[in-house]
Amino acid sequence: MPVRTLSLDGFRSYERVAIAFADGPHVVVGRNAAGKTNLIEALVLLSTGRSHRSSADHEMVRWGVDFARAAAAVESEGRQEELEVVIHARGSAAGTRKRIRVNGVNRRAGALRPVLRTVLFAPEDMLLIVGSPSLRRNLLDAIVVQREPTAAAVMSTYQRTLTQRNSLLRRIREEEADPTELSYWTQVILEHGARILDWRHETLAALAGPLAEAHREIAPEETGLALRYVSNVDPRPAESNEDALRRRLRETAEKEVWNGATLVGPHRDDIAFDSGGRELTEFASRGQQRTAILALKLAELDVLTALDGRPPLLLLDDVFSELDPDRRAHLVRRIGALPQAIVTTTTPADLDPALVAASTLWRVEPGRVQRAEG
């Protein structure tokens, strides 16, 4: 699913820019804050319908204009698909809102993913192992959403219901609401939460083989790597995830009212990186953590490619400086096997010379993107 063209209007630092992409790797060079990550963000937006950097859509609109537009032509299964996302600025006549179109037809965000699947490797991913559980949940859920067409809607409903249920629990605690009102919201949490748990476990199972293989290739001298789901809803023998969640909601009902919050469910779970029967957080050096994260990203590539044989677009946002030469070389080999990849860097010297030689080079300056000579 190579991207053929990308055009931006009023998007972040860009007043207007248009880029034509060929096959193979592309290296985007520029100083910090020049706008390299804005290009990556635009491609993520066109893949998922949202930014990976901010939950506020209006932040993608260039200061002083009414709207931002990102559009791309993507080659998909022998035909060209046109993707477009328009975001109106907060305070504009249209108010803050987002319009998504596929081939000129208004669609929901879920319609973007089958056309343009992406795997993003960004500096913040280096915190995956030692960072908060939400980072690991979000990464796993991003893979789930690309594998399961209905997952995004289910997860969105779950989050909205969770907010309503927690608000009601606080009102019950203050004796401002009847406890019987809770049953409706509990049922939605049960049904949607169980589906999310099922999808997460299925996705982890799909990742297991590719993850172990990628880690073995990158670091054959290290003990094997595996992901383990850490849940407060562990099923007992013969229990489904739905059965276990129902039981745990009953067990925590009184404590939930006391705390004014839903205490069990997929929003409280975590994913552990295990090696040799121990969690990496207990002993891993920064190099071992980077190796594990790189292996996970390569496994994500393999799992998404296996869906229909079409490799996703790999987006590498200034991560080569975080990797030692051996890890860089392995990543370069994988990039070379992909139809297309986009790599940003402040320092071309951080990149493998063979990658630079095989790439289309772009230079970014504030508000401008220009093709560069090798």
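Located above this text is the structure these notes cover.
Quick notes on the rules
- Residues numbered from 1 in each chain as written.
- Predicted model: local features only at pLDDT ≥ 70, side-chain atom pairs only at ≥ 80, totals over all residues.
- Heavy atoms only, no water.
- Pairing = 2+ DSSP bridges.
- Helix = DSSP H or I, 4+ residues; strand = E, 2+ residues; numbered from the N terminus.
- Axes fitted to C-alpha atoms, helices over the stretch in contact; angles between N-to-C directions.
- Contact = heavy atoms within 4.5 Å.
- 1 Å grid on protein atoms, 1.4 Å probe; cavity = no way out; pocket = protein on both sides within 12 Å on 5 of 7 lines; lining within 4 Å.
- Points joined across faces, edges and corners; volume = space filled by probe spheres on them.
- Nonpolar A, V, L, I, M, F, W, Y, C, P; charged D, E, K, R; others polar.
- Parallel < 35°, antiparallel > 145°, perpendicular 65-115°, else oblique.
- Core = buried A, V, L, I, M, F, W, Y, C linked by side-chain atoms within 4.5 Å.
- Buried < 20%, exposed > 50% of the residue type's maximum accessible area, 1.4 Å probe, protein only.

Student: I tried to follow the sheet that holds strand β3 (residues 24-29) on my own but got confused; where do I start?
Tutor: Backbone-to-backbone hydrogen bonds join strands into a sheet, with any given pair of strands oriented parallel or antiparallel. As summarised here, the arrangement of the 6 strands in space is β8-β12-β13-β3-β14-β15, forming an open sheet in which the pairing is mixed. Two strands lie at the open edges of the sheet, namely β8 (118-121) and β15 (368-372), each paired on one side alone. Here the average twist between neighbouring strands, direction ignored, is 20 degrees. Across 5 bridges, strand β14 (residues 360-365) lies against β15 in antiparallel orientation. Along β15, the bridge assignment pairs arginine 363 with glutamine 370. Most of the contacts of helix α1 (residues 36-48) go to strand β12 (residues 313-317), to which it runs at about 150 degrees, and overall it touches β3, β8, β12, β13 (340-345), β14 and β15. With respect to the sheet, helix α8 (residues 325-336) is in contact with β3, β12 and β13, its orientation differing from that of β12 by roughly 150 degrees.

Student: Looking at this model, I keep getting lost on the layout of surface pockets. Mind explaining?
Tutor: One simple way to see leftover space: roll a probe sized like a water molecule over the atoms. Empty space within the largest pocket amounts to approximately 1,600 Å³. Every residue lining the largest pocket is counted, 45 residues in all, and those nearest its centre are Thr48, Arg50, Asn138, Asp141 and Ala142. Mapped onto the lining of the largest pocket, the elements with two or more residues apiece are α1, β6 (98-102), β8, α2 (133-147), α3 (151-173), α4 (182-218) and α7 (286-308). A per-element tally of the lining of the largest pocket places α2 first, with 8 residues. Class assignment for the residues of the lining of the largest pocket results in 19 nonpolar, 14 polar and 12 charged. In this model, the second largest pocket occupies a volume close to 180 Å³. Looking at the second largest pocket, the residues that line it are Gly110, Arg113, Pro114, Arg117, Val145, Gln146, Arg147, Glu148, Pro149 and Leu307. Top contributing element to the lining of the second largest pocket by residue count: α2, with 3 residues.

Student: Looking at this structure, I do not really get the packing of α2 against α4. What am I missing?
Tutor: For any two helices packed against each other, the geometry is given by the interaxial angle and the distance between the axes. Where α2 contacts α4, the axes come no closer than 10 Å and their chain directions differ by 90 degrees. For the element pair α2 / α4, the angle class is roughly perpendicular. Two secondary-structure elements touch here, α2 through Arg137, Leu140, Asp141, Ile143, Val144 and Arg147 and α4 through Trp199, Arg200, Glu202, Thr203, Leu204, Ala206 and Leu207. Split into classes, the residues belonging to the contact of α2 with α4 amount to 7 nonpolar, 1 polar and 5 charged.

Student: Looking at this structure, I do not really get the nonpolar core. What am I missing?
Tutor: If you look at the biggest cluster of nonpolar residues, it comprises 63 residues, and the most contacted ones within it are Leu207, Leu314, Leu316, Phe320, Leu331 and Ile335. For isoleucine 335, the residues in contact, after removing those within four places along its chain, are Pro25, Leu314, Leu316, Phe320, Ala341, Val343 and Leu355. Within the second largest apolar cluster, 42 residues are counted, among which are Ile19, Leu43, Ala111 and Leu120.

Student: Help me understand unusual backbone geometry, please; the structure alone is not making it clear to me.
Tutor: Residue asparagine 103 is not a glycine yet carries a positive backbone phi of 55 degrees. Looking at where asparagine 103 falls in the secondary structure, it is placed in the loop between β6 and β7 (105-106). Even without glycine at this site, alanine 238 takes up a positive phi of about 75 degrees. Position of alanine 238 relative to the elements: it lies in the loop between β9 (225-230) and α5 (241-251).

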